[in-house]
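Architecture and fold: a report
For reference, the chains in residue letters:
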Amino acid sequence: MLFDTHAHLDDEKYDVDRDEVIKNIYDEGISLLVNVGSDMESSEKALELAKKYSFIYAAVGVHPYSAPHLTEEDICYLKEMTKDKKVVAIGEIGLDYHFEDTDRIGQKKGFIRQIELARELDLPYIVHDRDSHQDCYDIIKNSGYLRGVMHCFSGSSEFAKQMVDLGFYISFAGTVTFKNAKKVHEAAKTVPLERLLIETDSPYLAPEPYRGKRNNPLNVIKTLEAIADIKGISIEKLARITMENGKTFFGINQKAGLL
Ligand code: NI
């Protein structure tokens, strides 16, 4: 019984076999999954999937790449979508400085506006942070609304500790399985068990030994194994803890079935 807290099953890479993939992961032990939106269209699709499958929940929000174009109409529409109880978070939102020519000011505005939205709606939020640790930290701290998770954590153990001290959860993806990802391993060591979440970010970031392939939520077991090893606890225990953490963070109490 595993909880993949971050996947994009609406992605076109699943267009050929989406329903088959979803039935299979449910049968094989993924009992909860949050499908995360990255723009208006994928947020809509995330909600559609969540309405169709009982064990799938949705996050709606606009990724930093699209955030500079976020309008107040978009905000209204996101708000409208959150009226459905299957929407459990705002996300993914944040900052991404990977590409030099990106509109950082626009990204920051979109991020701040969506944290405000989460606060207004009393929902947690999912943060995408790529090469932008300090600015993410400053914006989050200054917002004063600290109900978030750092998704696919890529920072140092010091940064993990800073975020945990703010009250944040830290989510690890398949990158923690990479042998040379020493920094991520150190970070995973630092995060207290009660603040840990696991995810796949499917279809991206396939873990070892599937690097480069289309990822599948079932691979969340690989993340779990890697962290259990780092923490020196059993896979079963860590599965139970991350399941409970995920339910607490997203406010999910029901027992979900497939349909
Ligand atoms: Ni993602």
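Preceding this section is the structure that the text describes.
Fair warning: this is a prediction, and the values are worked out from it, not measured in the lab. (Residues numbered from 1 in each chain as written. Predicted model: local features only at pLDDT ≥ 70, side-chain atom pairs only at ≥ 80, totals over all residues. Heavy atoms only, no water.)

1. A few points about the overall build of the protein
Under the convention used in this document: Only DSSP runs of H or I with at least four residues qualify as helices, and only runs of E with at least two residues qualify as strands; both kinds are numbered from the N terminus onward. Each radius of gyration is computed over the set of C-alpha atoms, and the globule rule expresses the reference value as 2.2 Å times the number of residues to the power 0.38. A contact between two residues is defined here by any heavy atoms of the two lying within 4.5 Å. Accessibility throughout is a Shrake-Rupley quantity obtained with a 1.4 Å probe, and a residue counts as covered only by protein chains that appear here. Positive charge is attributed to Lys and Arg, negative charge to Asp and Glu, and no charge count is given to His or to the chain ends. Note that the charge is assigned to NZ on lysines, CZ on arginines, CG on aspartates and CD on glutamates.
For the protein, the count of helices and strands is nine helices and eight strands. Computed over its C-alpha atoms, the radius of gyration of the protein comes to 17 Å, within 12% of the 18 Å expected for a compact globule of 259 residues. Along the first, second and third principal axes, the C-alpha atoms of the protein reach 45 × 40 × 35 Å. Excluding contacts between residues fewer than 6 apart, the proportion of contacts in the protein whose partners are at least 24 apart in sequence is 71%. Approximately 11,600 Å² of the protein is accessible, and the part contributed by carbon and sulfur atoms is 50%. If you average the places of the 33 positive and of the 42 negative side-chain charges in the protein, the two averages end up 5 Å apart.

2. Details of the coordination of the nickel ion
Put simply, the test is: Excluding water, the donors of a metal are its N, O and S neighbours within 2.8 Å, or within 3.2 Å for Na, K and Ca, and that exclusion means sites may look incomplete. Each residue gets one of three labels from its accessible area relative to the maximum for its type: buried under 20%, exposed over 50%, partly exposed in between, using a 1.4 Å probe on protein chains only.
Looking at the nickel ion, one finds its protein donor set to be His6 (NE2), His8 (NE2), Glu92 (OE) and Asp201 (OD), positioned 2.2 to 2.3 Å from the metal centre. All donors of the nickel ion come from a single chain, and their spacing in sequence reads H-x1-H-x83-E-x108-D. Placement of the pair is His6 in strand S1 (residues 2–7) and Glu92 in strand S4 (residues 87–96), with a sequence separation of 86 residues. Considered together, His6 and Glu92 belong to a single accessibility category, that of buried residues.

3. Observations regarding the sheet that holds strand S6 (residues 148–150)
Selection rule: Strand pairing requires that DSSP identify at least two bridges connecting the strands. The axes are straight lines fitted to the C-alpha atoms, using for helices just the contacting stretch, and the angles between their N-to-C directions are given from 0 to 180°.
Strand order in the open sheet formed by eight strands is S1-S2-S3-S4-S5-S6-S7-S8, with parallel pairing between adjacent strands. The open sheet has two edge strands with one neighbour each: S1 and strand S8 (196–198). Shown here is a sheet whose adjacent strand axes are inclined to one another by a mean of 25 degrees, direction ignored. The strands touched by helix H8 (residues 220–231) are S1, strand S2 (30–36), strand S7 (169–172) and S8; relative to S8, the strand with the most contacts, the crossing angle is about 150 degrees.

4. Notes on the pattern of salt bridges
What counts, and what does not: Whenever a carboxyl oxygen of Asp or Glu lies within 4 Å of a side-chain nitrogen of Lys or Arg, that contact is scored as a salt bridge.
Counted according to the given criterion, the structure contains 14 salt bridges. Here Glu120 makes a salt bridge to Lys79, at a shortest N to O gap of 2.9 Å. Taken together, the residues Glu120 in helix H4 (residues 104–121) and Lys79 in helix H3 (residues 72–81) connect sequence positions 41 residues apart. By relative accessible area, which is 27% here, Lys79 ends up partly exposed. With a shortest N-O distance of 2.8 Å, Asp122 and Arg147 are connected by a salt bridge. Taken as a pair, Asp122 in the loop between H4 and strand S5 (125–130) and Arg147 in the loop between helix H5 (133–143) and S6 lie far apart in primary sequence, 25 residues in all. Under the relative-accessibility criterion, Asp122 is labelled exposed at 53%. Within this structure, Glu72, Arg113 and Glu116 form a network of salt bridges that share partners.

5. Side note on the nonpolar core
In a soluble, globular protein the nonpolar side chains are often hidden away together inside. Selection rule: Throughout, nonpolar core names a set of buried Ala, Val, Leu, Ile, Met, Phe, Trp, Tyr and Cys residues whose side chains join them through atoms within 4.5 Å.
Ranked by size, the top nonpolar core spans 69 residues in total, and within it Tyr125, Ile140 and Phe172 carry the most contacts. Beyond its immediate sequence surroundings of up to four residues, Phe172 is in contact with Phe153, Val184, Ala187, Ala188, Val191, Leu196, Leu197, Ile198, Glu199, Thr223 and Ile227. Core analysis: the next-biggest nonpolar cluster, separate from the first, contains 16 residues, Val36, Ala59, Ile126 and Tyr169 among them.

6. A look at the packing of H4 against H5
Using the following cut-off: Working rule for handedness: look at the near helix, and if it is turned counterclockwise from the far one by less than a right angle, call the crossing left-handed; if clockwise, right-handed.
Where H4 contacts H5, the axes come no closer than 11 Å and their chain directions differ by 35 degrees. Every pair of crossing elements has a handedness; the one defined by H4 and H5 is right-handed. Facing H4, whose interface residues are Lys108, Phe111, Ile112, Ile115 and Arg119, H5 presents Asp135, Cys136, Ile139, Ile140 and Ser143.

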